[in-house]
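Chain residues, written in single-letter form:
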Amino acid sequence: MHPTRLTAAVAALALSASLATALAGPATAATPQAQPVPPGHGKALALAAADKAASSGLDELRHGADEDLVRTSVTPWTNGLYYASYERTYRGLPVVGGDAVVVSDSSGKVREVTGAPAPVIKLSTKAKVTAGAALATARKQLASVESASAPELTVLLKGGKAVLTWHTLVIGRTVTGAPSSLATYVDARTGAVAQATDKVSDADGRGYHNGNVTIDTAANSMTDSSRGGFQCGGQSGGAYTGSSPWGNGTANDLVTACVDIMYAAQKENSMVKEWFGYNGQNGQGGMVPARAGLGEVNAYYDGTKTTYGHNQTGSMQLTGIDVVAHEYGHEIFDKTPGSSGSSNENGGMNESTGDIFGALTEHYANNPNDTPDYTVGEKLNFLGDNKPIRYMYNPSLADNAPNCYPQLTSGTEVHAAAGPQNHWFYLLAEGSNPGGGKPSSPICSGGPSSVTGIGIQKAGKIFMGALLMKTSSWNHPAARRATLTSAKNTYGSAECNAVKAAWNAVGVPAQSGETDCGGTSTPDFSLALNPSSGSVQPGASVTSTVNTSTTGGSAQTVQLSASGAPSGVTVSFSPASVTSGSSSTMTVQVAAGTANGTYPITVTGTGSATHTVTYQLSVGTTTPPTGCGNTEYTYQGTLASGQAEAQPDGSYYYSATSGTHVGCLRGPAGTDFDLYLQKWNGSSWVDVAVGGTATANEDTSYYGTAGYYRYVVHAYSGSGAYTLGLSAP
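Residues numbered from 1 in each chain as written. Predicted model: local features only at pLDDT ≥ 70, side-chain atom pairs only at ≥ 80, totals over all residues. Heavy atoms only, no water.

Visitor: When you look at the packing of helix α7 (residues 419-430) against helix α8 (residues 456-467) in this model, what are you seeing that I'm missing?
Guide: The axes of two packed helices give the description: the angle between them and the distance between them. Where α7 contacts α8, the two axes come as close as 8 Å, and the packing angle between them is 135 degrees. The angle between α7 and α8 places the two elements in the oblique class. For the pair formed by α7 and α8, the contact residues are Q421, W424, F425, L428 and A429 on the first element and I456, A459, G460 and F463 on the second. Here the residues of the contact of α7 with α8 sort into seven nonpolar, two polar and no charged. (Axes fitted to C-alpha atoms, helices over the stretch in contact; angles between N-to-C directions. Helix = DSSP H or I, 4+ residues; strand = E, 2+ residues; numbered from the N terminus. Parallel < 35°, antiparallel > 145°, perpendicular 65-115°, else oblique. Contact = heavy atoms within 4.5 Å. Nonpolar A, V, L, I, M, F, W, Y, C, P; charged D, E, K, R; others polar.)

Here you go:
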C-alpha cells in the first residue's frame with residue numbers, strides 16, 4: 001500500500017464535488033439501518049448537500065462531462081449556514097471563470113446557489129506554444145520584472161468561449177513606472193496574450209497617525225506570529241528588527257510607519273473575527289506582509305504584500321487606519337470566492353470593498369486620534385489639498401464621481417466606480433438623514449424618499465456574508481442579490497428590507513430570483529441526483545434517484561421532466577411528480593443500436609420555481625464489474641481518476657451492535673481503486689480499515705463496536721465503473 005493513499009483519499013473526499021454523490025445503481029437489498037444525524041455532523045450534512053448540488057449541476061452549477069466542480073473552501077456562518085466555494089476544472093486543468101458558491105445549512109438543505117456564467121467546455125488540452133515561449137511573452141508585458149511564476153496550463157473563459165492558455169503571474173513595473181502584479185494568460189495555440197489583469201489595487205509602539213498604541217510583535221522583530229507570521233518592514237521585504245517601544249512617533253520615520261500599519265491591520269483582523277466570525281483578511285487567520293517607505297504618492301496591494309508611500313507634499317507616510325485597512329480590504333476581496341475580476345465595474349467594487357473595510361476598522365478601533373467616519377484619507381493630505389480622496393456618503397464630492405449605479409459606464413475609472421457601492425453602504429449603515437452630526441446622504445432618482453440605517457456592524461456583517469457568495473462575474477446586480485440573501489439569512493426581514501431600500505436608493509434595480517424580504521419564507525425547493533452519472537450498454541437501462549427538499553415555505557408539488565436525451569434513449573420518472581422532500585426513481589432506457597458516447601440529460605423540476613440538474617449518461621463505454629455476490633448489499637458507481645465517493649447513498653449507516661463489517665470492491669480492469677471503511681468519532685470520520693493495494697479489487701474486514709460507519713471508494717489511478725458489496729452487523 002502506498003503510504004500517501006489514505007491522505008489522498010481523505011483529501012479527495014473533502015474537496016471533490018462528486019464525492020457526496022452516492023449510489024450509481026440500486027442496492028440489491030435494503031440499505032443498512034439509517035439513524036439520526038451523529039453528534040456534530042451538521043457541517044457534514046451541509047457540505048454533502050452542497051457537494052451533491054455541485055455534482056448534480058443544480059441550476060447555475062451545470063457543467064459538462066469532462067468538467068468537475070472542486071470544492072476549494074468552506075466558511076461557517078450564522079444560524080448553521082455554510083458557504084462552500086467551487087472552482088471549475090476541465091480534464092484536470094484549472095478553469096478561470098465558471099466558479100460557484102453554494103449556501104447550505106446544517107439540516108442538509110441547499111439555501112442558495114450562485115455561479116459565474118460558463119459555456120460547456122469542449123477543446124483540446126494539447127498546447128502548441130511551449131511554456132517557455134509563453135513565459136517570455138508574459139514577461140514582455142511589463143517594462144521591468146521582479147518575478148514571474150512558472151506557467152500553468154489553464155482554461156480561460158472569455159466572451160462566452162473557452163481558450164487554452166498558459167497562466168503566469170508577473171510582478172514588476174509598467175512602462176510608466178507604476179507597480180504591477182499582472183495575471184497574464186497567453187493563448188496556448190497562437191502565442192498571443194488572451195487576457196492580462198492587474199491585481200494591484202492602489203490606493204507598544206509610537207505611531208504618528210494613531211498615537212501611542214499597543215501592537216502585537218515578537219520581542220526583537222516587527223513580526224506577529226499570532227496572525228500567520230504577519231510582518232512589516234522596508235522595501236527590501238524583511239521585518240524591521242529592534243525592541244519595544246517601536247518607532248519614535250515622527251511623520252516620516254519608517255519604523256513609526258510600521259507601527260501605524262501593524263496597528264490598523266491587526267485591528268481589522270480582530271474586527272472581522274469578532275464582528276463577523278470570519279478568520280482574518282485571508283480567511284486563514286493572517287494577512288500578507290507590509291512594506292513601508294515606497295518613494296511614491298501611492299499605497300497598494302498586489303496579491304503578495306501591501307506597500308505604502310508618502311503623501312503629495314512628502315510631509316507624512318500614507319499609513320492612516322482607513323488607508324491601511326483599505327489595502328487589506330483588497331486582500332479580503334481577493335481571497336473570498338471569485339477573487340478579483342477583470343471588468344472596471346468589478347474593479348470599482350473592489351475599491352469600494354477597501355473603503356468599506358476602512359470605515360469598519362475605524363469604527364472598531366474607535367481611536368481618538370482618528371475618529372470614525374466615512375471618508376478616505378482625510379488625515380493624510382493625500383493629494384496636497386487637505387481633502388479626503390473619497391466621500392462614501394456623497395461620492396460626487398470627489399472629482400464628481402458617480403453617486404448612482406446608472407451613472408457607471410464601462411470606462412469609469414475604478415476608484416470613481418467605487419461610488420455607487422460606497423453610497424449604498426453608507427445608506428445601509430447610517431441612513432439618508434442620520435443626525436448626530438453625521439452627514440446626510442442624497443438619494444438617486446427613482447429611489448425611496450428616505451432610508452433608515454441599521455448600524456455599521458450589522459451592515460458590515462451583511463456585506464461580509466455577501467462577499468462569501470461572490471463569483472468572478474461579480475457586479476452590482478449580483479451584489480444586490482447576495483446582500484439580500486445574506487441579510488435575510490443572518491438577521492431577518494427588517495434588515496433585508498433595509499438592504500433593498502439602500503440599493504433602490506442608488507439605482508440598482510430588483511433582480512430576478514432575488515430573496516423575498518417578507519416575514520414568511522418564499523416557497524422553494526431543491527433538486528439533486530443520486531447518482532448524477534451512469535453507464536449502460538445499448539438495450540439496457542440505468543436508474544437514478546431524484547431527491548427533492550423543501551428549502552422555503554411549505555412542501556409543494558414538483559413536476560419532473562427530462563430533456564436532451566439522444567435518439568434511442570427515453571427517460572421516465574416514477575412517480576412523475578412528488579411532494580418536495582420526497583424522491584422519484586428516474587429510469588433511463590437505452591434502445592439497442594444507440595450510438596456509444598456520453599450524453600448530458602437535463603432533469604427539470606417545476607413547482608413555484610423551476611430548477612434543473614444534469615445527468616451524465618455514458619452508453620456502451622463501461623460495464624460495472626461483478627464478484628461481490630456474497631455480501632448483503634450491493635452498490636455501483638463510476639469514478640474518474642482521482643475522484644472518490646462515499647457509500648451507501650452518499651452518506652453513512654448505523655450499526656447498533658458490535659460485529660464484523662465486510663467490504664468488497666471490484667474496480668475496472670487495469671485500474672487502481674482503493675476502499676476505506678470509516679467510523680465517526682464524534683467530530684470527524686476516521687479510517688478503521690483500508691484496502692489500498694495497487695490493484696482494481698480490494699477486500700476489507702473489520703470487527704467494530706456500535707456506531708456510525710461509511711465506505712469511501714477512491715479511484716487512485718484509472719477511471720470506470722465499480723461494484724461495492726458490504727455486509728454489516
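There is more to say after this.
Visitor: What is the right way to read the nonpolar core from this model?
Guide: If you look at soluble globular proteins, the nonpolar side chains tend to sit buried side by side. Judged by nonpolar contacts, the single largest core of 55 residues is most densely connected at F276, F357, L360, W424, F425 and M464. The element that contributes the greatest number of residues to this core is α8, accounting for seven residues. In contact with F425, not counting residues within four places along its chain, are I356, L360, Y374, M392, I456, A459, G460 and F463. Among the nonpolar cores identified, the runner-up in size contains 37 residues, and L529, F573, V588 and V590 belong to it. (Core = buried A, V, L, I, M, F, W, Y, C linked by side-chain atoms within 4.5 Å. Buried < 20%, exposed > 50% of the residue type's maximum accessible area, 1.4 Å probe, protein only.)

Visitor: I'm lost on the pairing of strand β27 (residues 597-606) in this one. Help?
Guide: For β27, the buried fraction is high: seven of the ten residues fall into the buried class. Across five bridges, the pairing between strand β23 (residues 557-563) and β27 is antiparallel. The residue bridging A562 from the neighbouring strand is V603, located in β27. Here β27 pairs with strand β28 (residues 610-619) via ten bridges, running antiparallel. Each residue of the ladder has a partner; that of T606, found in β28, is T610. From the end of β27 to the start of β28, which pair antiparallel, there are three residues. (Pairing = 2+ DSSP bridges.)

Visitor: Mind showing me how you'd approach the pairing of strand β7 (residues 152-158) here?
Guide: It is a general feature of regular strands that their side chains alternate between the two faces of the sheet. With five of seven residues buried, β7 lies mostly within the body of the structure. In this structure, strand β3 (residues 93-96) lies alongside β7, joined through two bridges in parallel fashion. The residue of β7 that forms the bridge with V96 is L156. If you look at the hairpin formed by β7 and strand β8 (residues 161-173), you'll find two residues sitting between the two strands, and G159 has a positive phi there, around 60 degrees.

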